[in-house]
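Structural description and commentary
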Amino acid sequence: MNVFDIIGPVMIGPSSSHTAGAVRLGGVVNKLADGRKIKKVEITLSGSFAKTYKGHGTDRALLAGIMGYDSFSPEIRDALDIADKKQIEYVFLKENIRGAHPNTARIHYYLEDGTEGVMQGASIGGGNILVNRINGMEVKFTGDNNTLLVMHEDTPGVIAGVTNLMHWEYEDINISNFNLSRQQKGGIAIMSIEIDNQPPETLVKDIRGIDHVINAILIRKI
Amino acid sequence: MLKYTSITELVREAEKRKVKISELTLNDQAKAIETPAEELYDRMKESFHIMEESVKDGMKKDRKSMSGLTGGEGYIMNKYAEEKKSLCGSFMSKAIARALAVAGCNASMGKIVAAPTAGSCGILPGCLVSLREDKGFAEKDLVMSMFTAGAFGMVIAERSSIAGAEGGCQAECGSAAAMAAASLVELMGGTPKQCADACAIAISNQMGLVCDPVAGLVEIPCIKRNVSGLVIAFSSADMALAGIEPKIPVDECIDAMREVGEALPASLKETAGGGLAATPTGRKLKNQIFGSGN
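By convention here, each chain's residues receive numbers from 1 onward along its written sequence. As a convention, the first chain written is A and the first ligand written is 1, with the rest following in written order. Reporting in this predicted model follows two pLDDT cut-offs: at least 70 for local features of residues, and 80 or more for side-chain atom pairs to be given and counted; totals over whole chains, interfaces and linings ignore these cut-offs and use all residues.

The subject of this paragraph is the pairing of strand β7 (residues 137–141) of chain A. Residues and elements named next belong to chain A. We call two strands paired when DSSP finds no fewer than two bridges between them. Secondary structure is summarised from DSSP: a helix means a run of H or I of at least four residues, a strand means a run of E of at least two, and numbering begins at the N terminus for each. Pairing analysis gives three bridges linking strand β6 (residues 128–134) to β7, with the strands arranged antiparallel. The residue of β7 that forms the bridge with Val131 is Phe141. The hairpin formed by β6 and β7 contains two residues between the paired strands, and Asn135 there has a positive phi angle of roughly 50°.

The next subject is the confidence of the model for chain B. Of all residues in chain B, 99% attain a pLDDT of 70 or more, and the chain-wide mean is 96. Among the prediction metrics, the complex's ipTM stands at 0.96, with pTM recorded as 0.90. Note: pLDDT gives the predictor's confidence per residue, expressed from 0 to 100.

What follows is about the domain arrangement of chain A. Residue and element names in this part refer to chain A. Under the domain assignment used here, chain A contains domain 1 (3–135) and domain 2 (146–219). Marked domain ranges trace back to an automatic or database domain assignment. Here the C-alpha centroids of domain 1 and domain 2 sit 26 Å apart. Whether two residues are in contact is decided by their C-beta atoms, placed from the backbone, lying within 7 Å. The interface is formed by five residues belonging to domain 1 together with four residues belonging to domain 2. Residue contributions to the side of domain 1 that touches domain 2 peak at three residues, all from helix α2 (residues 16–33). Gly is placed with the polar residues, together with every amino acid not listed as nonpolar (Ala, Val, Leu, Ile, Met, Phe, Trp, Tyr, Cys and Pro) or charged (Asp, Glu, Lys and Arg). Taken together, the residues of the side of domain 1 that touches domain 2 sort by class into three nonpolar, no polar and two charged.

So, on to the sheet that holds strand β8 (residues 146–153) of chain A. Residues and elements named next belong to chain A. Ordered by their spatial adjacency, four strands build an open sheet running β9-β10-β8-β11, and the pairing between neighbours is antiparallel. Since the sheet does not close on itself, it has two edges, and those belong to β9 (175–182) and β11 (213–219), each with one partner. Strand-to-strand twist in this sheet, taken as the mean axis angle between neighbours without regard to direction, amounts to 15°. Examined bridge by bridge, β8 and strand β10 (residues 188–195) share eight bridges and lie antiparallel to one another. Residue Asn146 lies in a different strand from β10, and its bridge partner there is Ile195. For helices, the fitted line uses only the C-alpha atoms of the stretch in contact; every axis is such a line through C-alpha atoms, and the angle between N-to-C directions lies from 0 to 180 degrees.

Quick look at helix α12 (residues 250–263) of chain B now. Residues and elements named next belong to chain B. For α12, with 14 residues, the first-to-last C-alpha span of 20 Å sits near the 20 Å given by 1.5 Å per residue. Three exposure classes are used, based on other C-beta atoms lying within 10 Å of a residue's own C-beta, which is placed from the backbone: buried for 20 or more, exposed for 12 or fewer, and partly exposed in between. Of all the residues in α12, the buried ones are Val250, Cys253, Ile254, Met257 and Gly261. For α12, the angular spread of buried residues about the axis comes to 100°, placing them on one side. Of the exposed residues in α12, those oriented more than 90 degrees away from the buried face are Glu259 and Ala263. Close packing links the buried residues of α12 with α1 (7–17), α7 (139–159), α8 (164–167), α9 (169–187) and α10 (192–206). The span you would expect from a helix comes to 1.5 Å times its residue count less one. The directions considered for the arc run from the helix axis to the C-beta atoms.

Right, here's the structure in full:
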């Protein structure tokens, strides 16, 4: 804790969990889109998000984050209009996602290049978030650090391949958190790797080149 | 490096080094965050400027909250203050208007500085911007005093809580008032010990305040509670500056606040299950916004 945790953060109101945290959750989708144009989002709200989103502007906050705005951007208030102007289709649904944190959103996004994906995460208080699922697979990261998501075939040696590359080719990289999940044995698996440092530009490309790696995405600190 | 686990310790350290709490904190934080003190000062100055902007934004006549339940309180109070008929006098009425404006700015999705939370964001700017605008205090001193508020807030967060969901409104508006009271004393030339006394008095005066937001929104009664926090900050600072002692030491007041917070039922800790939220009108307003299905 430091003095700016108390006098701060600078944010758009009214609520750190229902507004500021929601912007950051939307921000994860913005990073997943990786610069490609987002065509449509279906946003499912659960728990307290579903009940109070209108009064807290959670809908605007999520959309603003998806469009790349920060939790202190004044544009959040007008996010619905901005999305209309940018021709991003959006729909808000309510569903009780079983076992999920009370402030959970699931965002199904469709990109112009035909790619689609689903991100599920929770706003866990004070503007902090926890991403729980990407494309149906369990992940676990906070967005506070740079996070590498590596989708790969579940076969021996892939984790070693990725971590060896990180260590031997980029010796300064330090892993602060590692999580692995898979749909089924021999199916598709996903590593979420949080790293302390500022990752070099070439890292993602190099990891994509490793055998059995399907895709790698870097989600920079949100 | 300082630990921020005891205000008494902070006071002792400041007295030992013959510095203000704000100077002690700024220099310590520069080491802790590994950033030059000048940069931290500039960052805090930026926050002060945002507070000034929040006052202006929330003072606009047509500023409505997202739910439509609240809005315009800052504008109305300011107009009343300018008529110079108020019981509290011009200075205090304008300060009240500013606290309302910032809390209203928050409710209408404007930009604010959480201090320590979004729900209690009107108290510190209400105090500091008023000293700037109506008493001509130097910006540099006001910015520095925010480090004192921050230091006291860190101790409160460490020993007790600054979250309504954990400690009720005493943890949010109570903490904000206690932090602001300490800032005010330092600005008025009070000693570190008097800062601590003002903090203790402010906490004592909001002990037990529940968090009972109508419909779970940061509006009713939060916006007006920023005003009670502000008034308590000013009165506590004045009592401390006058030399009135709190009798219960500051750290013990903070510990008592934690115990009271723990003893509060869940219905009175930001769940909108009790207090004003559960009144017939509170429920009616909730249904009006979200429909009766919720």
